[in-house]
Amino acid sequence: MAPEKLYMVVPCYNEQEVLPETSKQLRAKYTALMEQGLISRESRIVFVNDGSSDKTWSIIQELHSTEPQFFSGIDLAHNSGHQNAVLAGLMTVKDICDMCITMDADLQDDINTIDEMVRKYYEGNQVVYGVRSARDTDTFFKKTTAEGFYKFMKVMGADVIYNHADFRLMSSRVLQELANFKEVNLFLRGMVPLIGFQNCKVYYERHERAAGESKYPLKKMLSFAINGITSFSTKPLKLITGLGLIMSAVSIIAFIWAFITKIVGFTEHGWSSTMCSIWLIGGLQLFCLGIIGEYIGKIYAEVKQRPRYIVAEFLSDVNEKEKK
Ligand code: UDP
Ligand code: MG
């Protein structure tokens, strides 16, 4: 079997410190894979410049002009954020590659995992998720916030793979399907599992950033988490409905309580009626908000226009004839 074309998509935002090292290591990895006959010689490493303000793009241009047989580059018009930069790369290569791996530019993801990913692809997997086995190099803060994030996402109804970020292999078939997801608020690690197909996980140890500093400060991480939840689940809206129901139920208890204290005669004049209305109206308001939320949730799902199903294979004699 002839080796297939592997494209790497690497988003870069102000990565001038680490790019020389990243490109060197990836080049070595590619050379080795090509010599082993695991990937075709037409495989490329694509750096996506996400509107960097430093020398990132000129480094990418330089890499491409000296070794076009290894390096390609995509320059985005402005900073669009990590997820959009990755998608830009994926959509650009979807028709020219057989398989594609997305990886951060900072070498935190272990590039030696690439071999295993490619092997898993040849075994028939359309998606191979890179999962972190250890987070020893992360600070305590990063580790707890990140792991808490995966757990919270699950509770909130967005099904993501535990400890998997955006280090993954996808076949061009999966990329074609991904192109049908028209949503603007991207959360790739939630979208890819929705596509389905045969998939598996490979485990790797996460390293420290090779150079430069994190482009994901706490503020961005929080907004990423909120985006992940609100882009994938209407559970928060359902929670409001539930809360409204509980409040309404509690208002009955408040009624009884207010009534008893009134009879016993411990209350100020007017206290019972005020208490009762606060609970009842509060509960009803939340409940109504929840119902409106349910409708908004439906509208939200409709406007996303996600594909309702994905056909994995079409078996038909007509189809067979066309192939020949
Ligand atoms: N990145 C990007 N656009 C942005 C922010 C980050 O393309 O607006 C890239 C960045 O260059 C890196 C990857 O996304 O390749 C992950 O960022 P980083 O390593 O800073 O995040 P962390 O690993 O600290 O969560
Ligand atoms: Mg990083």
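What counts as what
- What you see as residue numbers is a count from 1 along each chain, following the sequence as written.
- The lettering of chains begins at A and the numbering of ligands begins at 1, in the order of writing.
- The model is predicted, so local features are restricted to residues of pLDDT at least 70 and side-chain atom pairs to those at 80 or more, both for listing and for counting; the totals for chains, interfaces and linings are taken over all residues.
- In computing side-chain properties, one takes all heavy atoms of the structure into account and sets aside hydrogens as well as water.
- Numbered from the N terminus, helices here are DSSP runs of H or I no shorter than four residues, and strands are runs of E no shorter than two.
- Buried residues are those whose accessible area, probed at 1.4 Å on protein chains only, stays under 20% of the maximum for their type, while exposed residues exceed 50% and partly exposed ones sit between those limits.
- Paired rings are identified among Phe, Tyr and Trp, the last through its six-membered ring, by centres lying within 6.5 Å, and are further divided according to the angle between planes into stacked (under 30 degrees), edge-to-face (over 60) and tilted (the rest).
- Comment: the charge-over-ring label is applied if NZ (Lys) or CZ (Arg) is within 6 Å of the ring centre and within 35 degrees of the ring normal.
- Note on donors: an N, O or S atom is included if it sits within 2.8 Å of the metal, or within 3.2 Å for Na, K and Ca, and water is never included, so sites can look incomplete.

(A) Representation of unusual backbone geometry within the structure. One non-glycine residue, Phe 197, lies in positive phi territory at about 70 degrees. Relative to the assigned elements, Phe 197 resides in the loop between α7 (188–195) and β7 (199–205). With a phi close to 50 degrees, Gln 305 is a non-glycine residue in the positive phi region. The class of Gln 305 is exposed, set by a relative accessible area of 59%.

(B) Structural context of the packing of aromatic side chains. The full count for this structure, using the stated rule, is 9 aromatic pairs. Both rings, one in Phe 47 and one in Phe 71, keep their centres 5.9 Å apart while their planes meet at 25 degrees; by these two values the pair is stacked. Remark: Phe 71 occurs in strand β3 (residues 71–75) and Phe 47 occurs in strand β2 (residues 44–49); sequence separation between them is 24 residues. Here the aromatic cluster, defined as three or more aromatic residues joined through ring pairs, consists of Phe 149, Tyr 150, Tyr 162, Phe 187, Phe 224 and Phe 232. A cation sits over an aromatic face here: Lys 304 above Phe 232, 5.9 Å from the ring centre. Its guanidinium or amino end placed over the ring of Phe 232, Arg 306 lies 4.5 Å from that ring's centre, counting from NZ or CZ.

(C) Summary view of the coordination of the magnesium ion (ligand 2). Asp 106 (OD) and Gln 108 (OE1) make up the full set of protein donors to the magnesium ion (ligand 2), lying at 1.9 to 2.0 Å. Here Asp 106 and Gln 108 have matching classes, each one buried.

(D) Molecular detail of the environment of Ser 277. Relative to the elements of secondary structure, Ser 277 occurs in helix α10 (residues 271–304). Take Ser 277: its relative accessible area is 33%, and that puts it in the partly exposed class. Between the alpha carbons of Ser 277 and Ser 251 there is a distance of 8.4 Å; along the sequence they are 26 residues apart.

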